[in-house]
Structures are given as structure tokens and as C-alpha cells.
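Here's the letter readout for the chains.
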Amino acid sequence: MAGDAGQAGLDRLLQEGRRGAELHRERDHADQPAGQGIGPLVTRFRSGEPVFGLVLVTLGVVALTQVWVIRGDWSVSGPRLVPLVVCTAWVLLAAVYVAQTVRSSAPGEGFDRTPLYLIATLIGYAYIVIPLGYIISTALSFVLTTRILGSRSLLRDVVIGVLLALALYLGFTSLLSIRLPRGVLPL
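Residues numbered from 1 in each chain as written. Predicted model: local features only at pLDDT ≥ 70, side-chain atom pairs only at ≥ 80, totals over all residues. Heavy atoms only, no water.

Trainee: Explain the overall build of the protein chain to me, please; I cannot follow it from the model alone.
Mentor: If you tally the helices and strands in the protein chain, you get six helices and zero strands. For the protein chain, the succession of helices and strands along the chain, N to C, is α-α-α-α-α-α. A buried classification covers 18% of the 187 residues belonging to the protein chain. In the protein chain, the share of contacts with a sequence separation of at least 24, taken over all contacts with a separation of at least 6, comes to 56%. (Helix = DSSP H or I, 4+ residues; strand = E, 2+ residues; numbered from the N terminus. Buried < 20%, exposed > 50% of the residue type's maximum accessible area, 1.4 Å probe, protein only. Contact = heavy atoms within 4.5 Å.)

Laid out in C-alpha cells, this is it:
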């Protein structure tokens, strides 16, 4: 009897929550023409899930290859076994995630290339941070990322990127005594 009353109360709260969500959705999209609700945003988000999964698989494989570089033995207390187990599990779980997202994606969904461009920017950043230095590569990466995400003010992006990179560099090197790549700048 008490369980039925508790279940009824939970059902009522769930219905109220659903109605509240519907009211918020109607209020937020009242100025949009019919048929242009949040559907396109959801579709675009869902198309990036397999790409994200592939990035996870790729990073896991890269980390797994780095396990073989670690010096030491394969004992339980050694430095190689735990990273091997963790990276193997990472790759397997990421592969399962990719399979699930590909299987569950609806036909006809569009493909958003934004995640691919962001990944390419991140990989490029990893290659240029040592030769060019932290400040230049971080500012350049910031500008590229903001442009990919839709910013239209190049001057503002460059100014913010340089100031942010400089502040982070000085904060890490001066306050935290963490050395970051200097690159071509005489710092």
C-alpha cells in the first residue's frame, strides 16, 4: 500500500517534469517557424558521435603503442602492465561505442565536419608546439578553433589568442615553475 502511494507520487512528479520541459521548449522556440525546432541541432550533434568515437579509438591506439616504449618489466608492480590493461580496455570500449553509435544513427542524417576540423587543429598543434613555441602555437590554435566554430572577427580572435597564450605561458612558467616550449621567441 505504501509502495503504491510512493510510486504514484513518483509518476506524478515525472509527468510534471515532462510538462515543464515541454513548456520551456515551447517558450524557447516560439519565435521559430513551425518545423524548425531543435531537430537540426540534435541531428548535427548525433552525427558527431561516431567521429568522437573514432577519435577515442585513435587516441587509445596511440597510447597503446606508447606502452611498448616504457622501460621496465611486465610484473604486476612494474610500470608496463597497468598502462597496457588500461589502454587495451580504452580501445575496446571506444570500439564498442563506435559500433553502437553507427548502429543507432538514423539514415539520412547529415554529417558535420566541425569535429574533424577541430581534431586536425589539435593534431597540428601537437606538431608545432615544440618548434614554434607555446605562445605562437597556442595563439594560432585558438584563432583556428574560433574560426572553425564560427567566429567572424579575425582581429578580436588574434588579440584574445595572443593575450590568452601569453598569460598562460607566464602563469605556468613564473607562478607554477612549469617549463613550456619557448620556440622561436626569445623569452
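Trainee: Help me out: how do you make sense of helix 3 (residues 81-104) in this one?
Mentor: In an α-helix there are 3.6 residues to a turn, and that puts residues three or four apart on one side. Relative to the 34 Å expected for 24 residues at 1.5 Å per residue, helix 3 spans 35 Å between its end C-alpha atoms, a close match to the ideal helical length. Those residues of helix 3 lying buried are Cys87, Val91, Ala94, Val98 and Thr101. (Expected span 1.5 Å × (residues − 1).)

Trainee: So what exactly am I meant to see when it comes to the nonpolar core here?
Mentor: A general feature of soluble globular proteins is that nonpolar side chains tend to end up buried together. Ranked by size, the top nonpolar core spans six residues in total: Val129, Tyr134, Ile135, Ala139, Ala165 and Tyr169. Elements that contribute at least two residues to this core include exactly helix 5 (134-148) and helix 6 (154-175). Looking at this core element by element, the count peaks at three residues for helix 5. Non-local contacts of alanine 165, meaning those with residues more than four positions away in its chain, are made with Tyr134, Ile135, Thr138 and Ala139. (Core = buried A, V, L, I, M, F, W, Y, C linked by side-chain atoms within 4.5 Å.)

Trainee: I would appreciate a short explanation of the side chain of arginine 80 in the present structure.
Mentor: Secondary-structure assignment places arginine 80 in the loop between helix 2 (39-67) and helix 3. Lacking a salt bridge, the buried arginine 80 has aspartate 73 as its closest oppositely charged neighbour, with an N-O distance of 7.8 Å. Of note is the side chain of arginine 80, whose polar atom sits 3.1 Å from the backbone oxygen of isoleucine 70. In contact with arginine 80, other than residues within four places in its own chain, are Val67, Trp68, Ile70, Arg71, Gly72, Asp73 and Trp74. (Lys, Arg positive; Asp, Glu negative; His and termini not counted. Salt bridge = Lys/Arg side-chain N within 4 Å of Asp/Glu carboxyl O. Polar contact = N/O pair within 3.5 Å; in protein donor to acceptor, adjacent residues only side chain to side chain.)

Trainee: What should I look at first to understand the UniProt feature "transmembrane region" (unreviewed entry) in the protein chain in this one?
Mentor: The UniProt record annotates "transmembrane region" (unreviewed entry) at residues 51-69, 81-99, 119-146 and 158-178. Between the C-alpha atoms that bound residues 119-146 there is a distance of 13 Å. The span itself is 96% helix and 0% strand. (UniProt positions renumbered as here; feature names shortened; annotations may be inferred.)

Trainee: Before we go on, may I ask you to explain the environment of threonine 146 in this structure?
Mentor: Topologically, threonine 146 is positioned in helix 5. Threonine 146 sits in the buried class, given a relative accessible area of 16%. Spatially, the C-alpha atoms of threonine 146 and aspartate 157 are 7.0 Å apart, while their sequence positions differ by eleven residues. Residues in contact with threonine 146, not counting those within four places in the same chain, are Ser151 and Asp157.

Trainee: Hey, could you run me through the environment of valine 129 in this one?
Mentor: Tracing the chain through its elements places valine 129 in helix 4 (residues 114-132). Considering only alpha carbons, one finds valine 129 and serine 141, twelve residues apart in sequence, at a separation of 9.8 Å.

Trainee: Mind showing me how you'd approach the packing of aromatic side chains here?
Mentor: Describing an aromatic ring pair means giving the distance of the ring centres and the angle of the ring planes. What the rule picks out here adds up to three aromatic pairs. On the basis of an interplanar angle of 90 degrees and a centroid distance of 6.3 Å, the ring pair of phenylalanine 52 and tyrosine 97 is categorised as edge-to-face. Taken together, the residues span a long stretch of sequence, with phenylalanine 52 in helix 2 and tyrosine 97 in helix 3 at a distance of 45 residues. Using a relative accessible area of 27% as the deciding quantity, one classes tyrosine 97 as partly exposed. (Phe/Tyr/Trp six-rings, centres within 6.5 Å; stacked < 30°, edge-to-face > 60°.)

Trainee: Where do I start with the pattern of salt bridges in this structure?
Mentor: Think of it this way: side chains of opposite charge can pair up when their charged atoms draw near. Under the counting rule described, the total for this entry stands at one salt bridge. Salt-bridge contacts for aspartate 157 lead to arginine 156; the nearest nitrogen and oxygen are separated by 3.7 Å.

Trainee: Can you walk me through the packing of helix 5 against helix 6 in this structure?
Mentor: For any two helices packed against each other, one specifies the crossing angle of their axes together with the interaxial distance. For the pair helix 5 and helix 6, the least separation of the axes is 8 Å and the interaxial angle reads 140 degrees. Put simply, helix 5 runs oblique to helix 6. By crossing handedness, the relation of helix 5 to helix 6 is classed as right-handed. Along its contact with helix 5, which presents Tyr134, Ile135, Thr138, Ala139, Phe142, Val143, Thr146 and Arg147, the element helix 6 presents Leu154, Asp157, Val158, Ile160, Gly161, Val162, Leu164, Ala165, Leu166, Leu168 and Tyr169. Of the residues contributing to the contact of helix 5 with helix 6, the split by class is 14 nonpolar, three polar and two charged. (Axes fitted to C-alpha atoms, helices over the stretch in contact; angles between N-to-C directions. Parallel < 35°, antiparallel > 145°, perpendicular 65-115°, else oblique. Left-handed = near helix turned anticlockwise from the far one by under 90°. Nonpolar A, V, L, I, M, F, W, Y, C, P; charged D, E, K, R; others polar.)

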